[in-house]
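Overview (structure and organization)
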Amino acid sequence: MLDQIHLLAAVTVLGVLEQAYFSLQVIYARRAYGISPPKVSGPPDFERVFRAQVNCSEYFPIFLAVLWQAGLFFHQGLTAALGLLYLYSRYHYFVGYKESSLGRLTPMYFSAGVLWILIGLAAVGILHFLLSHYVGMNVLLFISL
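So, here is what we can say about the structure in this document. Numbers given to residues run from 1 along each chain, matching the order in which its sequence is written. With the structure being a predicted model, the display of local features is reserved for residues of pLDDT at least 70 and the display and counting of side-chain atom pairs for 80 or more, all residues being used for whole-chain, interface and lining totals. Only hydrogens and water are removed before side-chain values are computed, so all heavy atoms of the structure are retained for them.

**Quick notes on the nonpolar core**
Put simply, a nonpolar core is a bunch of buried Ala, Val, Leu, Ile, Met, Phe, Trp, Tyr and Cys residues held in one set by side-chain atoms that sit within 4.5 Å of each other. Residue burial is assigned from relative accessible area. The probe radius is 1.4 Å, only protein chains are included, and a residue is buried under 20% of its type maximum, exposed over 50%, and partly exposed in between. Formed by 16 residues in total, the largest nonpolar core has its most connected members in Val11, Phe63, Tyr86 and Leu118. One finds Val49, Ala52, Cys56 and Tyr97 within the second-largest nonpolar core, a separate group that totals 13 residues.

**Thoughts on the packing of aromatic side chains**
The pairing test for Phe, Tyr and Trp rings, Trp by its six-membered ring, is centres within 6.5 Å, and the orientation test on the planes gives stacked under 30 degrees, edge-to-face over 60, and tilted for anything in between. Per the stated rule, a full pass over the model turns up nine aromatic pairs. Plain terms: the ring middles of Phe60 and Phe63 are 6.1 Å apart, the flat faces sit at 35° to each other, and that makes the pair tilted. Of this pair, Phe60 and Phe63 both sit in helix H2 (residues 44-73), three residues apart, which is roughly one turn of that helix. Residue Phe60 shares its accessibility class with Phe63, and that shared class is buried. One aromatic cluster in this structure is built from Tyr21, Phe22, Tyr91 and Phe94. Only lysine NZ and arginine CZ atoms are considered, and such an atom sits over a ring when it is within 6 Å of the ring centre and within 35 degrees of the ring normal. Sitting over the ring of Tyr93, Arg90 keeps its end group 4.3 Å from the ring centre. Lying across the ring of Tyr97, Arg104 places its NZ or CZ 5.1 Å from the centre. Under the scheme used here, helices are H or I runs from DSSP no shorter than 4 residues and strands are E runs no shorter than 2 residues, and both carry numbers assigned from the N terminus.

**Examining the pattern of salt bridges**
Should a side-chain nitrogen of Lys or Arg be within 4 Å of a carboxyl oxygen of Asp or Glu, the pair is scored as a salt bridge. In the structure shown here, the tally under the stated rule is one salt bridge. Two residues, Asp45 and Arg48, come together in a salt bridge whose shortest N-O distance is 2.5 Å. Here Asp45 pairs with Arg48, and both are found in helix H2, just three residues apart, close to one helical turn. Judged by relative accessible area, Asp45 falls into the partly exposed class, the value being 35%.

**Let's talk about the packing of helix H1 (residues 6-33) against H2**
A pair of packed helices is captured by two measures, namely the crossing angle of their axes and the spacing between those axes. Whenever a helix is involved, its axis is fitted only over the stretch in contact; in every case the axis is a line through C-alpha atoms, and angles between N-to-C directions fall within 0 to 180 degrees. The interhelical angle for the contact between H1 and H2, taken along N-to-C directions, is 170°, at an axis separation of 9 Å. On the basis of their axis angle, the class for H1 and H2 is roughly antiparallel. All residues other than Ala, Val, Leu, Ile, Met, Phe, Trp, Tyr, Cys, Pro, Asp, Glu, Lys and Arg, Gly among them, are scored as polar; the first ten of these are nonpolar and the last four charged. Here the residues of the contact of H1 with H2 sort into 18 nonpolar, eight polar and two charged. The scheme is simple: roughly parallel for angles under 35 degrees, roughly antiparallel for over 145, roughly perpendicular for 65 to 115, oblique for anything else.

In structure tokens, the structure reads:
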């Protein structure tokens, strides 16, 4: 069983570490600009760091859900590779947003594309399982025709 999920688990841990890094960046920005919690506004440089972290946190549960669904129902290796690509693009999103609000756009679109691919793989995998399990129909063979 573990050999079927170890790559997904590794990507999950890397994602959690990335989220922790983003949170630490907000703490450092709060100290640098003298913004005490619960304030969330301040100089534009602080607000960009704060918004980048919040935006990444908002998408993280969606990423985890489709990562595991696509990995379990479609293919662990492909899904883990896409997961790494997603984390890489979110890192570039964070760094780009930290520099300027326009710097976030290309990585944002790229990470959204990767997320949609993961959603598609999860949907195909789940559909294949349901149809093969309950109807006896192999969707993956049908798609390859």
